[in-house]
Structure formats: structure tokens, C-alpha cells
Amino acid sequence: SMVVAAYGSGKSIAAGASALLVENAPESAVTLRRIAKRLENAEPAAAEVYSRLDSGARGVVIVLEGAAEVSADALREAAEAKLGRLHMKKGVSRSDPVAVLDAIAAKCRSSKRDRIAIIWDEFGRHLEALAASGRAAELSSVQQIAEWVVRQDTPDATFTILLHQGFFHYAGSLSQAVRNDWRKVEGRFSQIRFADDSKEMHQLIGWVVQQTRPDSLKLPAEKAFLTAAEQARKLGFFGGFTKAQELAETLRAAYPMAPAVLHMLPRLTARLAQNE
């Protein structure tokens, strides 16, 4: 997964809470139960939190941050800090990401760990470093990690990168051929965007308004929201929505917030968070 969101939007906090849940260490139980309690009324996944806590299942989280000179080396060092020395197969390089990942999986199986979560925070700095130092081709190791995760069966594995902008914000100085290669790597990731005019951000705001507005407030007819959605799309608002009906449902959730205010609010908060 590729999570794209502005500074201050909570990417690292969300990843940190998820990491605690994957590892499921006994000393984290109190914190995780508090998180699950807060999620109960907002997210059905809270039940999964309780289920994992009660199961006693343990996983391992490998965290990378910022620019890494050699991705495989950084991955191996982070894994060995958690699991101890990895035993590599004979004849394979310790700088081969797939070989490192195979060794991590073997170590997890022997220690009865059911999940591997690889989280790379501030991944944009890694892209910047590759572009600035003429090492853009090294992004292929990230593609190898992504492809390995998809193929991995036991234990389950995930690979999440956190960025402030999409890949091509960092690729301005690169040749078209390299940009095409980066596009292929980007295509290996499912995108979760909470940035500026993303659909998810507007839906989140709508949900919050819907939960907090008084029950006595009378809403306009459904047709009024559909008309407003069509007008907003004609004006170039809400670029993340491809269907007027879906936008109409979000406008209804956000009522009485005006469509133009709903459109601008994520942009304003993103600028505020970044400038702070």
C-alpha cells in the first residue's frame, strides 16, 4: 500500500498503532484496548483488534525511515534488530532483498510469528535521494519487496510506504525512460490518498459532520444534493469523485456544510499542518 497524505495528517501515528497490533506484545495490551475502544463507534475493524489481542498471536514489524543507501541492507539491519541474526541461504547475497525477505519469513516461521509488516516512513526522502544522486534505477529493489509481499503466504506479509506526495512529485529532473520505470514500480502499490481534494478526505469530513449534527436538523430532498453535486463537478470541485451520486451522498453527510467549504477545508488544513 502507498499512503499519501499531507504533513500532520496522522500517517505515522496510524502506522505506529498498527505496528503495535501486528506485534501484539503483552506490554502493549492496555494501549491497544484503549485504541480499540475509540474505534468501536467508527470502524468495524475494532472487533479485529480485540480478536487479535485475545488470540495471543505475535507478528514482527520492520520499520524503515527516510533515505536508505541500499534498501536490502537497511531491511536486513532493521529485521536483525528485531529477530536476531538472519540465516541466509548459501550462495545468496546479503544485499539481495528477496533473499533477505526469505530469511525473515523463515525466522518468523521458526518463532511462530504469524505476520510480517514492513513500514517505510518518509519514503519521499528516499525517492528524493535516488533522484538527486543519480541512483534512480535502485528503486527496482522496492519493486522486488512489493512483489515478494504479494507472493508471500505463511506468514502473511504487508509492505506500506508513507509519502507526502505521489511518486512523480519527486521525479521532475528524471529522464522520461526513468520516469516510465518509476511508474511501473508505483503500479505495484494500491494507493490510499488523504491529500487535498481526495475523495477519502471529503468522505471523512462528511462522516464527522453527520455524527455530530443534531437529529432535529431537517435535510433538503435527495434531488437537491444530486443537483449540487453536478454543479460542483462542473465548476471543477471534488476532482476525486468520478460519480455524481457518490458525491451527492457525501454532500448529504456533510450538510449543513456548504459544498464550497467542504471542497476547501482539506486544502486549508493541509497548508496549515505543513506550515506549522
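Criteria and thresholds
- Each chain carries its own residue numbering, running from 1 in the written order of its sequence.
- At least 70 in pLDDT is required for a residue's local features to be given in this predicted model, at least 80 for side-chain atom pairs to be given and counted, and no such filter applies to totals for whole chains, interfaces and linings, which use all residues.
- Side-chain measures were taken over the full set of non-hydrogen atoms in the model, leaving aside hydrogen atoms and water.
- Strand pairing is defined by DSSP finding a minimum of two bridges between the two strands.
- Runs of E in the DSSP output that reach at least two residues are strands. Runs of H or I that reach at least four are helices, and both are numbered from the N terminus.
- Only the contacting stretch of a helix is used when fitting its axis, a line to C-alpha atoms as for every element, and angles between N-to-C directions run 0 to 180 degrees.
- We call two residues in contact whenever any of their non-hydrogen atoms come within 4.5 Å of each other.
- Each angle gets one of four labels, with under 35 degrees taken as roughly parallel, over 145 as roughly antiparallel, 65 to 115 as roughly perpendicular, and the rest as oblique.
- By definition, turning the near helix anticlockwise from the far helix through less than a right angle yields a left-handed crossing, and turning it clockwise yields a right-handed one.
- Only Asp, Glu, Lys and Arg are considered charged in this grouping, and only Ala, Val, Leu, Ile, Met, Phe, Trp, Tyr, Cys and Pro are considered nonpolar; every other residue, Gly among them, is considered polar.

S.K.: What is the right way to read the sheet that holds strand β2 (residues 60–65) from this model?
M.R.: Here we have five strands laid out as an open sheet, ordered β2-β3-β4-β1-β5, and parallel in their pairing. The open sheet terminates on both sides in strands that have one partner only, identified here as β2 and β5 (191–194). Across this sheet, the average inter-strand angle for adjacent strands is 15 degrees, counted without regard to direction. Strand contacts of helix α4 (residues 71–83): β2 and β3 (115–121), with the helix running at about 140 degrees to β2, the strand carrying the most contacts. Lying over the sheet, helix α5 (residues 97–110) contacts β2 and β3, oriented at roughly 135 degrees with respect to β3.

S.K.: How should I be thinking about the packing of helix α2 (residues 29–39) against helix α3 (residues 46–55) in this particular structure?
M.R.: The geometry of a pair of packed helices is captured by two quantities: the angle between their axes and the separation between those axes. Direction vectors running N to C along α2 and α3 enclose 160 degrees, while the axes themselves pass 8 Å from each other. Classified by the interaxial angle, the pair formed by α2 and α3 is roughly antiparallel. As for how α2 packs across α3, the hand of that crossing is left-handed. Contact residues: A29, L32, R33, A36, K37 and L39 in α2; A46, V49, Y50, L53 and D54 in α3. Classifying every residue of the contact of α2 with α3 gives eight nonpolar, no polar and three charged.

S.K.: Looking at this model, I keep getting lost on the packing of helix α9 (residues 199–212) against helix α11 (residues 244–254). Mind explaining?
M.R.: One way to put it is that α9 packs onto α11 with a least axis distance of 7 Å and a crossing angle of 35 degrees. Crossing of α9 against α11: the hand is left-handed. Together, K199, H202, Q203, G206, V209 and Q210 of α9 and E246, T250, A253 and A254 of α11 make up the contact between the two elements. Looking at the contact of α9 with α11 residue by residue, the class counts come to three nonpolar, five polar and two charged.

Limitation: the analysis is restricted to geometry and does not speak to function.
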